[in-house]
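Listed here are the chains, written in short residue letters.
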Amino acid sequence: MRPCSQDAETPDPGGDAEVLRLFREGSAGAFEMLFAHYRRPVFDYLYRLVGRDRGMAEDLLFEVFVKIYDARASYKPGLRFSSWLFAIARNHGLNSLQSR
């Protein structure tokens, strides 16, 4: 799954080791960069996962980004950030559906 379909001039912060290092250290700027880049693809994924419920997908989106911020130290450098992020999004979305 491609994390985002942006133009060629937009860098992919998920592939930038420095951004990911700063994110792991708690940098708000790095987190904001990752959120800006992945917000739309994660929302689209969650929207489909929860049966096209826009409100629920929006709530889950913000919960997922809180989760990744809280779990940032568990991200392993060298692994694809997008795979880690979407695994968290999938697990959180499925858990939310189960608890409905």
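For the structure, see preceding data.
First, a word on what this report is: a plain description of the structure on this page. (Residues numbered from 1 in each chain as written. Predicted model: local features only at pLDDT ≥ 70, side-chain atom pairs only at ≥ 80, totals over all residues. Heavy atoms only, no water.)

Another aspect to go through is helix H1 (residues 17-24). Buried residues of H1: Val19, Leu20 and Phe23, and no others. For H1, the arc enclosing every buried residue in end-on projection is 95°, short of the 170-degree limit, so these residues lie on one face. Those residues of H1 hidden inside the fold are in contact with helix H2 (28-49), helix H3 (54-70) and helix H4 (81-98). Between the side-chain oxygen of the N-cap and the backbone nitrogen of glutamate 18 there are 2.9 Å, and the N-cap of H1 in question is aspartate 16. Positive backbone phi, approximately 100°, marks glycine 26, located one or two places after H1. (Buried < 20%, exposed > 50% of the residue type's maximum accessible area, 1.4 Å probe, protein only. Helix = DSSP H or I, 4+ residues; strand = E, 2+ residues; numbered from the N terminus. Arc of directions from axis to C-beta. Contact = heavy atoms within 4.5 Å. Polar contact = N/O pair within 3.5 Å; in protein donor to acceptor, adjacent residues only side chain to side chain.)

Here the focus is the packing of H1 against H2. Where H1 meets H2, the closest approach of the two axes is 7 Å, and the angle between their N-to-C directions is 120°. Of the possible angle classes, the one that applies to H1 and H2 is oblique. By crossing handedness, the relation of H1 to H2 is classed as left-handed. Here Val19, Leu20, Leu22 and Phe23 of H1 lie close against H2, whose contacting residues are Ala30, Phe31, Met33 and Leu34. (Axes fitted to C-alpha atoms, helices over the stretch in contact; angles between N-to-C directions. Parallel < 35°, antiparallel > 145°, perpendicular 65-115°, else oblique. Left-handed = near helix turned anticlockwise from the far one by under 90°.)

Right, let's talk about H3 for a bit. The first and last C-alpha atoms of H3 sit 24 Å apart over 17 residues, in line with the 24 Å expected at 1.5 Å per residue. Burial in H3 covers these residues: Met56, Ala57, Leu60, Leu61, Val64, Phe65 and Ile68. Down the axis of H3, the smallest arc covering the buried residues is 165°, so these residues share one side. Next to the buried residues of H3 lie H1, H2 and H4. Taking the backbone nitrogen of glycine 55 as reference, a side-chain oxygen 3.2 Å away marks aspartate 53 as the first, capping residue of H3. (Expected span 1.5 Å × (residues − 1).)

When you line up the elements, histidine 92 lands in helix H4. The exposure class assigned to histidine 92 is buried, which follows from its relative accessible area of 14%. Discounting residues that sit within four places of it in the chain, histidine 92 has contacts with Leu60, Glu63, Val64 and Lys67.

Moving on to the nonpolar core. Val42, Leu46, Phe65, Ile68 and Phe81 are the most contacted members of the largest nonpolar core, which totals 27 residues. Here this core takes nine residues from H2, the largest share from any one element. (Core = buried A, V, L, I, M, F, W, Y, C linked by side-chain atoms within 4.5 Å.)

Moving on, we get to the pattern of salt bridges. Taken as a whole and assessed by the stated rule, the structure comprises five salt bridges. For arginine 21, the salt bridge identified is with glutamate 25, shortest N-O distance 2.7 Å. When the shortest N-O distance is used, the salt bridge between arginine 54 and glutamate 58 registers 3.3 Å. Placement of both arginine 54 and glutamate 58 in helix H3 is noted, with a separation of four residues, approximately one turn of the helix. (Salt bridge = Lys/Arg side-chain N within 4 Å of Asp/Glu carboxyl O.)

By themselves, these observations are geometric and do not establish any function.
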